Every structure is written in structure tokens, then in C-alpha cells.
Amino acid sequence: MTSTVAPIIVTDPRTGETYGEVPASTAADTQRAFTAARNAQAAWVTTPLKERSKIMLRFHDLVLEHQDELLDVIQAETGKNRASAFDEVLDVAITARHYARRAQRLLRPRRAKGALPVLTRTLVDHSPKGVVGIISPWNYPLTLSISDAIPALLAGNAVVLKPDSQTPFTALLGVHLLVEAGLPLELFQVVTGSGAVVGTEIAQQADYLMFTGSTATGRQLAAIAGERLIDFSAELGGKNPMIVAPDADLNRAAADAVRACFSNTGQLCVSIERIYVHEAIAESFTERFVAATQALRIGGGGWTEDVGSMISPAQVDSAIAMIDDALNRGARLLTGGTRLPELGESYLSPTILTDVPEDAQLYREEVFGPVVYMETVASLEEAVRKANDTEYGLNAAVLAAPYTGWNIALHLHAGSVNINEGFAATFGSVDAPMGGWKASGAGRRHADGGLLKYTESRTISEQRLVPIAGPKGLARDKYAALMTTALRLGKWVL
Ligand code: NAP
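Cut-offs used in this document
Residues numbered from 1 in each chain as written. Predicted model: local features only at pLDDT ≥ 70, side-chain atom pairs only at ≥ 80, totals over all residues. Heavy atoms only, no water. UniProt positions renumbered as here; feature names shortened; annotations may be inferred. Helix = DSSP H or I, 4+ residues; strand = E, 2+ residues; numbered from the N terminus. Rg over C-alpha atoms; globule rule 2.2 N^0.38 Å. Buried < 20%, exposed > 50% of the residue type's maximum accessible area, 1.4 Å probe, protein only. Domains from an automatic or database assignment. Contact = heavy atoms within 4.5 Å. Buried area = accessible area lost by both parts, 1.4 Å probe. Salt bridge = Lys/Arg side-chain N within 4 Å of Asp/Glu carboxyl O. Axes fitted to C-alpha atoms, helices over the stretch in contact; angles between N-to-C directions. Parallel < 35°, antiparallel > 145°, perpendicular 65-115°, else oblique. Left-handed = near helix turned anticlockwise from the far one by under 90°. Nonpolar A, V, L, I, M, F, W, Y, C, P; charged D, E, K, R; others polar. Near = heavy atom within 4 Å. Polar contact = N/O pair within 3.5 Å; in protein donor to acceptor, adjacent residues only side chain to side chain. Areas by Shrake-Rupley, 256 points an atom, 1.4 Å probe, with all protein chains shown as cover. Pairing = 2+ DSSP bridges.

For the protein chain, an unreviewed UniProt entry supplies the name Succinate-semialdehyde dehydrogenase (NADP(+)) and the organism Corynebacterium canis. Among the UniProt annotations of the protein chain, the heading Sequence similarities (unreviewed entry) holds the following wording: "Belongs to the aldehyde dehydrogenase family."

Here it is as C-alpha cells:
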């Protein structure tokens with residue numbers, strides 16, 4: 001990829017040192033990538049699905065084999081702790097295996113009920129969209145760049161990906177492993193550069209647009225997709241609630257809540273940022289939750305650390321500004337809220353607030369950092385009402401005995417609800433859809449729809465023996481009477 005503008009410098013947030021640089025590509029570079037991808041796709045679509053699936057299963061093995069290299073790059077670009085980085089390796093391997101096995105069944109032509117039983121023979125088949133554009137954020141640079149590409153490629157598409165400018169090397173290593181597994185080199189194009197330039201051009205060129213990022217950018221891209229009448233999937237932000245019921249198992253609740261709030265340093269779209277705890281257990285839960293949070297080991301090095309750095313000093317500044325705003329308006333700090341300069345410029349201590357007033361910015365807005373606030377509620381009805389009182393609807397969690405948990409789950413307005421887990425139970429269930437209600441998104445990833453969205457369906461019907469309009473010579477009133485009888489009978493038979 002050639003470029004005339006200054007390169008993008010990628011920084012290791014743990015040390016502030018330069019990790020590498022990539023080209024700041026232009027709109028013309030992006031157009032060239034689409035041309036190359038289109039040419040490669042024309043050959044790829046003729047590659048038997050069995051062969052495509054084999055490549056993905058080889059990729060699955062390579063990801064596991066090369067996990068140390070992947071973890072090192074992910075950590076160097078994001079500063080996250082190694083265990084959070086490993087979640088990405090797991091996700092990519094699970095997704096590759098799932099769709100490699102499932103694609104055959106999803107993509108083979110399917111018989112559908114015809115307009116007239118026996119007389120109409122109907123088949124549905126699926127063709128790839130062509131070139132899928134993917135724009136991904138920095139918080140899960142492997143998962144959100146590669147896992148969303150896997151079903152697109154299996155369905156016969158080419159992909160043009162723009163990774164976030166802060167984390168391009170993870171995506172490049174992921175694509176390198178795909179090519180090592182046998183994917184044609186030109187089929188998966190990575191174009192580094194700014195969202196405003198490269199991202200906009202991808203939205204202008206793609207046959208399908210898969211975006212993960214902020215709701216603000218999602219709205220801009222939705223406007224382009226709407227204008228072009230291309231299908232579009234957007235996985236956006238959240239302000240995810242957790243409800244702690246009186247029958248929650250207090251021996252595990254604090255640990256569950258800690259993982260739900262502070263995994264990936266809270267920079268997780270499905271992370272919990274609000275906790276509604278029933279008054280019957282508020283004191284004991286809060287005490288345990290604060291203690292467990294204070295016990296977290298912080299650092300971006302090895303397997304023993306629980307929480308890493310944030311992505312950048314700017315992201316710490318943004319979180320601190322929201323914490324200060326809440327404190328100035330009367331909120332109370334239960335723990336955290338401080339920078340950790342002894343570790344580095346991008347570290348923030350995991351933070352729990354309470355008594356947050358409604359006019360505080362973080363009451364409704366996503367912090368996207370290790371910051372959560374707690375509220376005590378008098379009933380589960382109040383908890384559900386508060387949980388649903390948001391413009392978002394991405395994820396929710398309930399800590400409760402199973403019966404209570406399932407009961408509450410059915411009243412929560414969110415694309416995923418986890419019982420006695422924060423987010424991983426639903427996100428890891430790749431056979432089920434993942435995505436947001438309301439301002440948290442449009443469309444879904446995972447499940448059958450997560451592959452079929454990258455295809456155009458084609459319905460083919462053959463009319464046999466008798467025309468739909470009835471046999472030759474049949475008067476219209478007789479035809480109407482015949483059809484009326486057929487419909488009445490069909491209600492019981494078909
Ligand atoms: P962002 O600013 O929207 O950036 C995400 C990606 O979009 C980056 O690659 C960025 O490129 C690009 N971009 C920015 N402006 C663009 C434009 N005008 N046109 C085209 N592309 C553009 O998001 P972020 O704040 O970095 O990411 C965090 C957000 O993502 C949070 O709100 C989080 O909740 C959400 N998220 C959602 C999910 C989910 O599955 N629902 C998963 C992860 C994250 P550059 O930055 O390189 O310019």
C-alpha cells in the first residue's frame with residue numbers, strides 16, 4: 001500500500017514508547033484495495049466451500065499454535081493484561097471452528113414451501129455480497145477485526161478491513177495467519193489510515209459494511225449505508241447494568257461483578273458500568289465487591305495480573321474527567337479514581353462510585369474504562385426499571401438464584417443478558433446472536449444470521465403442471481371459489 005502522507009505511529013500504552021508505524025493510506029489507496037479484493041473474490045467464489053472451511057480449520061490451529069505472538073502484539077498495542085488478551089485468541093479460534101463447521105449447512109440451497117403445494121417447487125440459495133468492508137475499534141483488535149471477517153470469507157466474499165489506527169499490527173498478524181492457512185493473499189485487504197479518510201471510503205465502496213465502534217460514528221456510517229442502500233451491521237456502545245438480587249450467591253457475586261466491570265480494563269462494549277443491588281444484601285455485597293476490587297493486581301505483563309493499562313493517556317483523562325464531574329456533583333468514591341503513574345501514563349485504578357446524581361455525565365454516558373457506580377434499590381421491579389432507563393441496550397447481567405435470574409432476564413431490554421456472569425456466557429455462545437437494542441446497534445454478529453447477513457438470498461420457484469392462475473379455461477369466479485376452499489382446507493392440513 002503506498003501513501004504520501006506521514007505514517008501513523010503506534011505506541012505501547014504501557015510504556016509510552018513507539019511500537020511501530022504504518023502508512024496513513026488515502027482514499028485512492030482504499031480504492032485500489034477494493035479493486036484487488038474484487039478480482040480475488042471472483043476466483044474465491046468458485047473455490048469449493050469444503051476447501052474454504054478447511055482453510056478456516058487450519059487457521060484455528062495456527063491461532064492456537066501462535067498464541068504467544070498474538071498475545072504479545074495485542075498487549076503491546078492495547079496495554080491489556082494477558083488474560084484479557086487471551087479472550088481474543090479464544091474468540092477467534094471458537095468463531096473459526098463454529099462457522100467452518102456450520103457454513104456447509106447454511107449455504108447449501110434449501111427447499112422452501114411453494115406457493116401451491118406440489119405444483120410450485122421453490123428453492124432458496126445464497127450468493128456472497130462481493131466485498132465486505134469492516135471497520136474495527138481498538139479495544140479487541142483481534143476479535144473485532146478477524147472474527148467478523150471469518151463468516152464473510154466463508155460465505156465467498158472478499159474483505160477490506162480498516163483496523164483502528166492505534167492497533168493495526170494485531171489485525172495484520174491475524175491476516176498473516178489466515179494467509180498461512182491458505183487464504184488467497186489478495187482476498188483480505190488491510191488498509192491502515194484514519195477513519196475520516198479510509199473508513200469513509202470503505203463505506204462508499206463496500207457491498208456490505210460491518211462496523212464496530214462508537215454510536216456517534218455508527219450514526220455517520222449508517223447515513224452513508226442508507227444513502228447507498230447497502231446492508232449494514234453496527235455494534236455500538238452501551239451503558240450496561242447489573243442487578244444483584246437478594247438470593248444471589250454472595251460467595252461468588254463479588255468475583256463475578258469484578259470480572260464484569262474490570263475485564264479488559266473496563267474497555268469492553270459489554271462491560272458493566274452500573275450495579276443495582278437489592279437493599280437486603282447491599283451492605284454485605286458492597287463490602288465484598290470493594291475488597292475484591294482493591295485486591296486486583298494491575299499491570300500489562302504476565303498471566304498473574306488482573307487488569308492492564310487503558311489504551312492511552314487521553315482515555316485515562318477522559319475517564320478521570322467523568323469521575324471528577326460525578327464527585328463534584330455529590331457522588332462518593334468507594335475505591336479507585338486515581339492515576340497510577342508508578343506503573344505508567346495510561347493506568348487508572350479500578351473505580352467504584354456510589355450516590356451518583358442523575359445530572360452527572362457518567363450516570364447515562366459510557367465511560368469505556370474501569371469505572372462503575374452502585375445504587376441500592378428497594379425491589380427487583382425498581383432495579384429492572386432503572387436498568388432499562390437508558391438509550392442503550394447492549395448487555396445486562398443478573399446475579400441471582402437461577403429462577404430469579406431467568407425471571408428478571410426476560411424483562412431486560414438488551415441484546416444479551418447474562419445470569420451469574422457479566423458478559424462472557426452470551427458472547428461465548430457463538431451459536432446465538434450478539435448485538436444491541438436501541439442506540440447500541442443495528443444487526444447482529446454470531447449465530448446463523450452472522451454468516452447469512454454477508455449473502456444475498458435468491459428465491460427460485462418453478463411452477464409445474466398448472467399455472468398459478470388456475471387451469472386453462474377456468475372461469476375467474478370458479479378459480480376464486482376453488483382457492484377459497486383450498487385456503488379453508490389448507491388452514492387445517494398445511
Ligand atoms: P470510534 O471512534 O467510533 O472508532 C472505531 C473505528 O471507526 C476506528 O477504526 C476509527 O478509525 C473508525 N472511525 C472513526 N471515525 C470514523 C468515520 N467518520 N468514518 C469511518 N470510520 C471512522 O470508536 P472508539 O471510541 O474508538 O471505540 C470504542 C467504542 O466502540 C465504544 O463505544 C464501545 O462500546 C464500542 N464497541 C462496541 C462493540 C460491540 O460489539 N457492540 C465492541 C467494541 C467496542 P480511527 O480511530 O483509526 O480514525
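Asks: Help me understand the overall build of the protein chain, please; the structure alone is not making it clear to me.
Replies: Assigned secondary structure in the protein chain consists of 18 helices and 20 strands. Expected size for 494 residues packed as a compact globule is a radius of gyration near 23 Å; at 25 Å, the protein chain falls within 12% of this value. Referenced to the eigenvectors of the C-alpha coordinate spread, the extents of the protein chain come out at roughly 85 × 60 × 40 Å. By residue count, 55% of the 494 residues in the protein chain fall in the buried class.

Asks: Help me out: how do you make sense of the UniProt feature "domain: Aldehyde dehydrogenase" (unreviewed entry) in the protein chain in this one?
Replies: Per the UniProt record, "domain: Aldehyde dehydrogenase" (unreviewed entry) is annotated on residues 8-460. The straight-line gap between the two end C-alpha atoms of residues 8-460 is 49 Å; of that span, 43% is helix and 20% is strand.

Asks: I would appreciate a short explanation of the domain arrangement of the protein chain in the present structure.
Replies: Think of interface size as the accessible area that goes away when the parts come together; that is how it is often given. For the protein chain, the assigned domains are domain 1 (8-236 + 445-456) and domain 2 (240-437). With centres defined by C-alpha atoms, the gap from domain 1 to domain 2 works out at 29 Å. Each partner contributes to the interface: domain 1 provides 33 residues, whereas domain 2 provides 36 residues. Approximately 2500 Å² of surface area, both sides summed, lies buried where domain 1 meets domain 2, with 54% of it carried by carbon and sulfur atoms. Summed over the three residues of domain 1 that lose the most area to domain 2, namely Asn-81, Trp-138 and His-446, the buried surface amounts to 22% of that side. Taken together, the connections running from domain 1 to domain 2 amount to zero salt bridges.

Asks: For this particular structure, what's the right way to read the packing of helix H1 (residues 27-44) against helix H8 (residues 195-205)?
Replies: Packed helix pairs are specified by the crossing angle of their axes together with the interaxial distance, meaning the distance between the axes. Where H1 meets H8, the closest approach of the two axes is 9 Å, and the angle between their N-to-C directions is 40 degrees. Classed by the angle they form, the pair H1 and H8 counts as oblique. Our pair here, H1 against H8, has a crossing hand that is right-handed. Contacts between H1 and H8 involve Ala-27, Thr-30, Gln-31, Phe-34 and Arg-38 on the former and, on the latter, Val-197, Val-198, Glu-201, Ile-202 and Gln-205. Of the residues contributing to the contact of H1 with H8, the split by class is five nonpolar, three polar and two charged.

Asks: Just checking my understanding: could you explain the site of the ligand for this structure?
Replies: Taken together, 30 residues lie near the ligand, and Ser-136, Ser-165, Ser-214, Thr-217 and Glu-366 sit nearest. Gly-195 is positioned with one of its backbone polar atoms (N or O) 2.8 Å from an oxygen atom of the ligand. Burial of the ligand by the protein chains amounts to 85% of its free accessible area of 910 Å². Breaking the shell around the ligand down by element, the ones donating at least two residues are H8, strand S8 (208-212) and helix H9 (215-228).

Asks: Explanation requested: the sheet that holds strand S3 (residues 110-112) in the structure shown.
Replies: Sheet strands line up and pair through hydrogen bonds in the backbone, either parallel or antiparallel. In spatial order, the strands read S3-S4-S20; together these three strands make up an open sheet with antiparallel pairing. Edge positions in the sheet fall to S3 and strand S20 (455-463), since each of these pairs with one other strand and no more. Each adjacent strand pair in this sheet contributes to an overall mean axis angle of 30 degrees, direction not counted. Strand direction decides the pairing type here: strand S4 (residues 120-128) and S20, joined by nine bridges, are antiparallel. Bridged to Val-124 within S20 is Thr-459.

Asks: How should I be thinking about the sheet that holds strand S10 (residues 240-244) in this particular structure?
Replies: Strand order in this open sheet of seven strands is S12-S13-S14-S11-S10-S16-S17, and the pairing throughout is mixed. Both edges of this open sheet fall to strand S12 (332-335) and strand S17 (416-419), since each of them pairs with a single strand only. This sheet shows a mean twist of 25 degrees between the axes of neighbouring strands, independent of strand direction. Judged from the five bridges that link them, S10 and strand S11 (residues 272-278) form a sheet pairing that is parallel. Each bridged residue has a counterpart across the sheet, and for Pro-241 the counterpart in S11 is Arg-274. Across the sheet, helix H10 (residues 250-262) touches S10, S11, strand S13 (351-354), strand S14 (371-377) and strand S16 (395-399), and the angle it forms with S11 is around 155 degrees. Along the sheet, helix H14 (residues 380-388) contacts S10, S11 and S14; its crossing angle with S11, the most-contacted strand, is approximately 165 degrees.

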